[in-house]
Amino acid sequence: MNERRKPQITQIIRHSIQLVGFLLFPGLFLTVYSAFKNVYMSVIAGTFTWAVNGPEILLIIAIVLVTVLLGRFFCGFLCSFGALGDLIYAVSGKFMKHRRLPGRKLDRIMKWGKYVILLGLFIFVWNLGVVISNDINPIYVFGMLSRPTTTDALTSAISIGGLLLLIIMIGSTFVERFFCRYLCPAGAILSVLSLLRIFRIRRNTETCVSCGACSHKCSMGVEVDQGKRVASGECINCMKCIPACPKESLSTNAAPVMAGTAAAAMITGLYYVGTIKQEPVTTASASNQISSFMQGKYTDGSYTGSAQGFRGAVQVSVNVENGYISDIEILSYRDDRQYFNLAESQIISSILASQDTDVATVSGATFSSRGIIDAVSNALAAAGNDGDIIISANNDTESTSKETGDHEVELTPLDPNQEQKESSSNETGENNGFTDGVYTGTGTGYRGETEVSVTVSGGKITDITVLSYRDDERFFRQAQNTIISDILASQSPNVQTVSGATYSSQGIIEAVSDALGITYEKPAVQEQGGHSHHRRR
């Protein structure tokens, strides 16, 4: 077999891998981007765990290793969005014989677009937590249309995101790999990593006549006819330039078929590692730690509920014991397994810990998260007591929950003797020492100021409402649900912080202390297993 035939065989294998990838995991290119984003965000937020982020770390290692050693084989062999662009460009070429392509100077300028997009996503999404709506996200629309198993696929197509996807497809008829060249944020990351690659296409300057045939054939518009090697990070190793050279002046220093196939196999294997189901880790909430004389707010029993996920209905079974959610089981779903398992492991743990469905969605698996949350909410609708929380000491007392902002706060007696003391003190006209009124106070959380309103009636703290905060919603809600309950129960801001949401807890405690005129000194923080814990003095 001569050297001229190898690149042609490479094209057969490359397109075969692209087809298999498109059919099995069309969203893999988005998974790669999400892996970088999720790991970064979890490290910054202090929530990184191997149980949850381990598969993403493995995928990142595989991508980085393959890209640094062999170049952007992922883009050339496995990216489904790239494969779609290749198909559109090839088909349109049958009808458009003369296409006016951007000049080299304009092409170089436009290629900076993907870096600008990546920077914008890094600032606003990765760091500020801005959520991109489905209606304006062409990647979401592509994901829905790649497997049109629900009526939502048509709905998503008729949106701003659908219009943007159409524009991208139209652009792909004129410029090969239009999205990859100018818009893809994952491509921007891999372009930088690819600058370090060992595998490169070499150019024999002695035999090359600088006809430009190789550059004209390049999928990414790389100037192959410049220099002794292709050094550009834009090269996706499609190998189309090699057979285009009439003087056979281009060669490679590795067998491209073997390298591309090995790279595809490695990345695919790591992708499926991410589909391994992680069992939810239950964290006992403050309400679960209260002694057995308390009864939760739900009616005991087993309930089912369903809601819309990414590709179809999600059905769950929820068990309630002693008024508390004791178990959540997924009965069926139609979403992509990798994303759904990532959402399932975290969402169920959060609901069990907080005993509430007001939990944050999982970054990178938002729609699957929403499906699980809504399905559990629908199931619990039949298990509620009109918002009442039954608190029973020897089954003869009750107290209703009070609304504070977006969540409920449980008014819980410390113990039967304490309840008796308070009752007798109230009979004698005494109180806990607080002056009746409504007070506001501020404290410093993880990302900024937290402001609360504290209501005192009869000398007791009766209500705490969060007016504003700047922390990440997921961690703030986790702290808010527990801290406010504990302060109301103990009638003092001297309560323990919530593990994993230390700084948000401190912000709430400090704000309540400030409102009540109590000096609050922040305890030292100890780092333990990626989470911050307090040791009170």
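So, a few notes on the structure that sits alongside this text. (Residues numbered from 1 in each chain as written. Predicted model: local features only at pLDDT ≥ 70, side-chain atom pairs only at ≥ 80, totals over all residues. Heavy atoms only, no water.)

**Quick notes on the state of the cysteines**
Scanning the model with the defined rule gives zero disulfides in all. Left without a disulfide partner, Cys 180 is nearest to the cysteine sulfur of Cys 79, which lies 5.4 Å away. With a relative accessible area of 7%, Cys 180 lands in the buried category. (Disulfide = S-S within 2.5 Å. Buried < 20%, exposed > 50% of the residue type's maximum accessible area, 1.4 Å probe, protein only.)

**Observations concerning the environment of Val 376**
Following the sequence through the fold, Val 376 ends up in helix H18 (residues 366–380). When near neighbours in sequence (up to four residues on either side) are disregarded, Val 376 contacts Val 316, Val 318, Ile 328, Ile 351 and Thr 357. (Helix = DSSP H or I, 4+ residues; strand = E, 2+ residues; numbered from the N terminus. Contact = heavy atoms within 4.5 Å.)

**Regarding the sheet that holds strand S4 (residues 313–321)**
The sheet built from three strands is open, its strands ordered S3-S4-S5 with antiparallel pairing. Unpaired on one side and paired on the other, strand S3 (301–308) and strand S5 (324–332) mark the two borders of the sheet. Strand-to-strand twist in this sheet, taken as the mean axis angle between neighbours without regard to direction, amounts to 25°. Sheet contacts for H18: S3, S4 and S5; angle to S3, the most-contacted strand, approximately 140°. (Pairing = 2+ DSSP bridges. Axes fitted to C-alpha atoms, helices over the stretch in contact; angles between N-to-C directions.)

**Notes on the packing of helix H2 (residues 28–45) against helix H7 (residues 113–127)**
Close contact between H2 and H7 brings their axes to 11 Å; oriented N to C, the two are set at 45°. With respect to each other, H2 and H7 are oriented oblique. For the crossing formed where H2 meets H7, the hand is right-handed. Judged by residue contacts, Tyr 33, Phe 36, Lys 37, Tyr 40 and Met 41 of H2 engage Leu 118, Leu 121, Phe 122, Val 125, Trp 126 and Asn 127 from H7. Considered class by class, the residues forming the contact of H2 with H7 number nine nonpolar, one polar and one charged. (Parallel < 35°, antiparallel > 145°, perpendicular 65-115°, else oblique. Left-handed = near helix turned anticlockwise from the far one by under 90°. Nonpolar A, V, L, I, M, F, W, Y, C, P; charged D, E, K, R; others polar.)

**Section: the packing of aromatic side chains**
Overall, the coordinates contain 13 aromatic pairs when judged by the stated rule. Ring centres of Phe 73 and Phe 77 lie 5.1 Å apart, and the angle between their planes is 50°; on these two criteria the pair is classed as tilted. One end of the pair is Phe 73 and the other is Phe 77, both in helix H4 (residues 73–78) and four residues apart, which spans about a single turn. Here Phe 77 falls in the buried class, since its relative accessible area comes to 1%. Where Phe 178 meets Tyr 182, the ring centres are 5.5 Å apart and the plane angle is 80°; that geometry is what we call edge-to-face. Of this pair, Phe 178 and Tyr 182 both sit in helix H11 (residues 178–182), separated by four residues, roughly a single helical turn. When sorted by exposure, Phe 178 lands in the same class as Tyr 182, which is buried. One residue, Arg 99, lies across the ring of Tyr 89, its end atom 3.7 Å from the ring centre. (Phe/Tyr/Trp six-rings, centres within 6.5 Å; stacked < 30°, edge-to-face > 60°. Lys NZ or Arg CZ within 6 Å of the ring centre and 35° of its normal.)

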